[in-house]
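# An overview of the molecular structure
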Amino acid sequence: MATLPDANTNPWYVLMTLYGEQKTGGYDRTLAENNRRVWNAWACQNWNKERRDLVFSNPNSDSSGAAGWSKIEADVKRLHKAEMEKRSSGNGSFAYCGFPDKNAKIDCSGIKFVCPLALTSTIFQQSVDFSGAHFEDEVIFFGSNFLGGGNFRSAAFKSGAVFCDVDFQRAAEFRLSTFKGSASFRQGRFSHFADFRDVTAFAGADFAGAEFKLRADFRKSFWGGHANFNEAKFLNIAIFENASFQDISTFAKVNFDKFVDFSGATFLKDVVFGSASFTGNTNFANAKFTQSANFQSTEFGGSTKFKEAQFGKLDSDEISVPDFTEASFAKVVSFRGAEFVSHYPVLEGTQFREGVVLSAKAAFWPVAGKGATDLDESETELAKESCAALRHALAKQGMPEEEHFFFRREMGFAAQIGGVWQRLPYQVFGAVSDFGQSIWRPAVGLLALWAIGALLYTVSYAWGAFDDGQQPREILFGFGLSFANIFKFLGLQRSYFDVAFTQSLNPWLQVMGGVQTVVGFLLLFFLGLGLRTRFRMR
């Protein structure tokens, strides 16, 4: 890799630091103010008072030195030449390149900044180019104004970078930039295109309270530390496609006024969108949420897609709880193909105003009580309520098959709540009929009930358990009697077996007949439920 030229060979940098460079490990406020006064006087020459007041309307801006260029011009130009000669004293081929033209682009591209760069409340009237630059120490642009935009494409920030309260009037280009230390854009204002594509922020970044008036593009960005976008405002399209969040990411109370794209984004730690507002359409398709995803009190004004998103990680002990408590979906929300690995979404007070699309297949949902971790009773109750909420939403949409899928899940959780006797009816309901879904289980139960009864009656005949006067003529009578007991409501017992015969039975056989009648009725009921569900009859 070619060695980058030192910043001291650059005429714009020398003008920025005319009275000296900052030292590592300390911030010289007086030095920074003296340098800023000279630079701003040069940048703002020929400005009238109205323009100065407009540009410095930000309370964090410092307009001192922005006027009076004509009084210091000669001294500054003389000192600039002397400083460049001094700083390039080791370079035998040095030739003074002249004083910077205020109407030309500020070109600081492809150079190395060894010392800390403190440019607080600095005015950049023309576009400034720091593309490919390497900042070896801290960079401070606090409260600065980039009136012509700023190009930091492929720049490398090896220490902290402070862009708090900056104002980019034109495009802010940070594509392919690398931040090894903390990066803060808190309260920044981006009036034009903000390009953060393929940015790598190893220590995360802070965009809390930032405002993006035009398109903001963070696709394929990498956030190694906490990514904080709390209370930021995206007034236009916001793109986070395939972004990777390695640590906690927070988007609480963020306003997204237009289309938002988080498709393919990866959240390896907790992510918070609590009380955020998505006014336009929102896309979380194929996003991956490894841990908790907090969407509490979030408002989705447009159509929302979580298509093929994944909440949780397969073959992992990570716990992912998607929380949509009090969230509101004004348009259709799609979870088609979305996979909930360890927990059901929390849906307390969630509103689906125009419907919800889900994949009602077991592969996309955790088995009741068999998620990544064992659920305690409160978590089980919460999962039960979530299934009930989804069931109600699907019932309103007239989707019986999907509705019954979540009914079965709801009953499965109910079978785990409370004491033994409270759980028992649900457990029996599930075992016998899969909560009204199965046809073959009650059918097999009826067949077994008939066969067992027939066998006992036949054996009793062989052992002479009937009165001599009431012995049946055929040994196979037991099969008919067993069938008649089960379907007693059809009157078969009265038609083919007289009262004297049934009264002559051994008391235990009479009890068994009564059991067959009761159990048979229940099994027939469950069979009817299964048929009704299978053919979606109402």
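Note that the structure is a prediction, hence the values are computed from the model and not measured.

### Points about the confidence of the model for the protein
In the predicted model, the protein carries a mean pLDDT of 85, and 85% of its residues have values of at least 70. With pLDDT under 50 throughout, residues 369–373 is counted as low confidence; its partners more than four residues away or in other chains account for eleven contacts.

### Brief notes about the side chain of histidine 404
Looking at where histidine 404 falls in the secondary structure, it is placed in helix H6 (residues 400–414). Apart from the residues lying within four places of it in its own chain, the contact partners of histidine 404 are Phe435, Gly436, Gln437 and Thr533.

### Topic: the packing of helix H5 (residues 377–396) against H6
Running from amino to carboxyl end, H5 crosses H6 at an angle of 160 degrees, the nearest separation of the two axes being 8 Å. Classified by the interaxial angle, the pair formed by H5 and H6 is roughly antiparallel. In the packing of H5 onto H6, the handedness of the crossing is left-handed. Residue-level inspection shows Thr380, Ala383, Lys384, Cys387, Ala388, Leu390, Arg391, Leu394 and Ala395 of H5 in contact with H6, the latter providing Glu402, Glu403, Phe406, Phe407, Arg409, Glu410, Phe413 and Ala414.

### Regarding the nonpolar core
Across soluble globular proteins, nonpolar side chains have a tendency to be buried as a group. Ranked by size, the top nonpolar core spans 104 residues in total, and within it Phe141, Phe152, Phe207 and Phe234 carry the most contacts. Secondary-structure elements contributing two or more residues to this core are helix H1 (11–16), helix H2 (29–43), helix H4 (69–87), strand E4 (123–124), strand E41 (333–335), strand E44 (356–358), H5 and H6. Among residues more than four places away in sequence, those in contact with phenylalanine 141 are Leu117, Leu119, Phe124, Phe130, Phe146, Phe152, Val162, Phe163, Cys164 and Val166.

### What to know about H4
Maximum bend of H4: about 30 degrees, positioned at aspartate 75. Within H4, burial applies to Trp69, Val76, His80, Glu83 and Met84. On its buried side, H4 packs onto H1 and H2.

### Details of the sheet that holds strand E11 (residues 161–162)
With parallel pairing, the ten strands of this open sheet are ordered in space as E3-E7-E11-E15-E19-E23-E27-E31-E35-E39. The open sheet has two edge strands, strand E3 (117–118) and strand E39 (322–323), and neither has a second partner. Across two bridges, strand E23 (residues 227–228) lies against strand E27 (residues 249–250) in parallel orientation. Across the sheet, asparagine 228 pairs through a bridge with threonine 250, a residue of E27.

### Notes on the packing of aromatic side chains
The final tally for this structure, using the stated rule, is 95 aromatic pairs. Ring geometry for phenylalanine 196 and phenylalanine 207: centres 5.3 Å apart, planes at 90 degrees, overall edge-to-face. Here phenylalanine 196 is found in the loop between strand E17 (194–195) and strand E18 (200–201), whereas its partner phenylalanine 207 is found in the loop between strand E19 (205–206) and strand E20 (211–212), with eleven residues between them in sequence. The exposure class of phenylalanine 207 is buried, given its relative accessible area of 1%. Taking the centre distance of 6.0 Å and the plane angle of 45 degrees together, the rings of phenylalanine 324 and phenylalanine 329 count as tilted. Taking relative accessible area as the criterion, phenylalanine 324 reaches 1% and is therefore assigned buried.

The rules behind these values
- Residues numbered from 1 in each chain as written.
- Predicted model: local features only at pLDDT ≥ 70, side-chain atom pairs only at ≥ 80, totals over all residues.
- Heavy atoms only, no water.
- pLDDT = per-residue confidence, 0-100.
- Contact = heavy atoms within 4.5 Å.
- Helix = DSSP H or I, 4+ residues; strand = E, 2+ residues; numbered from the N terminus.
- Axes fitted to C-alpha atoms, helices over the stretch in contact; angles between N-to-C directions.
- Parallel < 35°, antiparallel > 145°, perpendicular 65-115°, else oblique.
- Left-handed = near helix turned anticlockwise from the far one by under 90°.
- Core = buried A, V, L, I, M, F, W, Y, C linked by side-chain atoms within 4.5 Å.
- Buried < 20%, exposed > 50% of the residue type's maximum accessible area, 1.4 Å probe, protein only.
- Bend = angle between axes of the 7 residues up to and from the residue.
- Pairing = 2+ DSSP bridges.
- Phe/Tyr/Trp six-rings, centres within 6.5 Å; stacked < 30°, edge-to-face > 60°.

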